Amino acid sequence: GGCGAGKGYALKNVPQAMEMKAKSQVVWDSAGDQNATENPWILKEAEARGMKVNYVYVHADPKTQWADPERGVMKRASDPKDGRMVDAFVFADLYAIGARNHQAFYEENKDNLNASFVFLENAGKPKLLDGIPPDSLKVDRNELAKFAVDAAMKADIPPHVRRGATIGTRIWGNA
């Protein structure tokens, strides 16, 4: 899932994810920044070592996960004990391109005995899903990046968080 979707939370609190984690020898808690492009490499390397891979995809509403003042990415970045931030353009790609890449990888490997898949929704209390919601596969990365930049400019956040959230505008221009 995308940045702030709740992957780390799922590994600690959702029974299906916790069960998979308990059976695992290694956990790759991806930030998602690779847009799920690392999935084939992880599977190939695991298979070369005689290991199976469990993939847990966490879906969440990207606009909520970015801007929610109680739990969003900008809130998390403002926390001196955490402080992780991602640029709005990278964030948008995570939810748009990452979801489509993971779906394609799942389609290619759903019958592979060395790969298992769990899909979760994180909208309050996490729940099990049958797959990535179809609407998530249609996210417009440019629209989401514009939303994220605008939200960061309007939010009551520290200047360093705003700078991190909007650094892409200095590189790629406005969304």
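Note: the structure precedes this text.
Now for a description of the structure that goes with this document. (Residues numbered from 1 in each chain as written. Predicted model: local features only at pLDDT ≥ 70, side-chain atom pairs only at ≥ 80, totals over all residues. Heavy atoms only, no water.)

**Side note on the overall build of the protein**
No. 1: The helix and strand inventory of the protein stands at eight helices and three strands.
No. 2: Taking 2.2 N^0.38 as the reference for a compact globule, 175 residues should give roughly 16 Å; the C-alpha atoms of the protein span a radius of gyration of 16 Å, in line with that estimate.
No. 3: Once the C-alpha set of the protein is aligned to its principal axes, its extents read approximately 50 × 30 × 30 Å.
No. 4: Residues counted as buried form 43% of the 175 residues belonging to the protein.
No. 5: Expressed as a percentage of contacts within the protein between residues at least 6 apart in sequence, the contacts between residues at least 24 apart total 69%. (Helix = DSSP H or I, 4+ residues; strand = E, 2+ residues; numbered from the N terminus. Rg over C-alpha atoms; globule rule 2.2 N^0.38 Å. Buried < 20%, exposed > 50% of the residue type's maximum accessible area, 1.4 Å probe, protein only. Contact = heavy atoms within 4.5 Å.)

**Some thoughts on a nonpolar patch on the surface**
No. 1: A contiguous nonpolar surface patch, about 340 Å² in accessible area, is contributed by I167, I171 and W172.
No. 2: Mapped onto the fold, I167 is located in helix α8 (residues 159–172). (Patch = residues over 30% accessible without salt bridge, like charges linked within 9 Å, V, L, I, M, F, W, Y side chains within 5 Å. Areas by Shrake-Rupley, 256 points an atom, 1.4 Å probe, with all protein chains shown as cover. Salt bridge = Lys/Arg side-chain N within 4 Å of Asp/Glu carboxyl O.)

**Remarks on helix α6 (residues 88–109)**
No. 1: Compared with an ideal rise of 1.5 Å per residue, which puts 22 residues at 32 Å, α6 spans 31 Å between its outermost C-alpha atoms and is within 8% of the ideal.
No. 2: At L94, α6 shows its maximal kink, close to 30 degrees.
No. 3: Regarding α6, its N-cap is D87, as a side-chain oxygen of that residue lies 2.8 Å from the backbone nitrogen of F89 further along. (Expected span 1.5 Å × (residues − 1). Bend = angle between axes of the 7 residues up to and from the residue. Polar contact = N/O pair within 3.5 Å; in protein donor to acceptor, adjacent residues only side chain to side chain.)

**Brief notes about the pattern of salt bridges**
No. 1: In the structure shown here, the tally under the stated rule is seven salt bridges.
No. 2: As a salt-bridge pair, E19 and K23 come within 3.3 Å of each other at their nearest N and O atoms. Taken together, the positions of E19 and K23, both in helix α2 (residues 15–23) and four residues apart, correspond to about one turn of that helix.
No. 3: Here R49 makes a salt bridge to E45, at a shortest N to O gap of 2.7 Å.

**A few points about the sheet that holds strand β2 (residues 115–121)**
No. 1: Here we have three strands laid out as an open sheet, ordered β1-β2-β3, and mixed in their pairing. Looking at the sheet topology across the chains shown, the edges are occupied by β1 (53–59) and β3 (127–129). On average, each strand axis in the sheet is inclined to that of its neighbour by 35 degrees, with strand direction left out of account.
No. 2: Note that β2 and β3 share three bridges and pair antiparallel. In the strand pairing of β3, F119 is matched with L129.
No. 3: The sheet strands contacting helix α3 (residues 39–48) are β1 and β2, and the helix crosses β1 at an angle near 160 degrees. (Pairing = 2+ DSSP bridges. Axes fitted to C-alpha atoms, helices over the stretch in contact; angles between N-to-C directions.)

**As for the packing of aromatic side chains**
No. 1: Inspection of every chain in the model, using the stated rule, returns nine aromatic pairs.
No. 2: When the centroid spacing of 4.8 Å and the interplanar angle of 45 degrees are considered together, the rings of F91 and Y95 count as tilted. Of this pair, F91 and Y95 both sit in helix α6, separated by four residues, roughly a single helical turn.
No. 3: Residue classification places F91 among the buried positions, given a relative accessible area of 0%.
No. 4: Residues Y106 and F117 carry aromatic rings whose centres are separated by 5.0 Å and whose planes lie at 80 degrees to one another, so their mutual orientation is edge-to-face. (Phe/Tyr/Trp six-rings, centres within 6.5 Å; stacked < 30°, edge-to-face > 60°.)

**Let's talk about the packing of α3 against α6**
No. 1: α6 packs onto α3 with a crossing angle of 35 degrees between their chain directions and a minimal axis gap of 10 Å. Residues N39, P40 and L43 of α3 lie in contact with α6, whose contacting residues are H102, F105 and N109.
No. 2: Each residue belonging to the contact of α3 with α6 can be placed in one class, and the counts come to three nonpolar, three polar and no charged. (Nonpolar A, V, L, I, M, F, W, Y, C, P; charged D, E, K, R; others polar.)

**Brief notes about the environment of D87**
No. 1: Relative to the assigned elements, D87 resides in the loop between α5 (73–78) and α6.
No. 2: In this structure D87 comes out as buried when scored by relative accessible area, which is 8%.
No. 3: Residues D87 and A165, spaced 78 residues apart in sequence, show a C-alpha to C-alpha distance of 4.2 Å.
No. 4: If sequence neighbours within four positions are ignored, D87 has contacts with W66, G164, A165, T166, I167, G168 and W172.
No. 5: From its side chain, D87 meets the backbone nitrogen of G168 in a polar contact 2.7 Å long.

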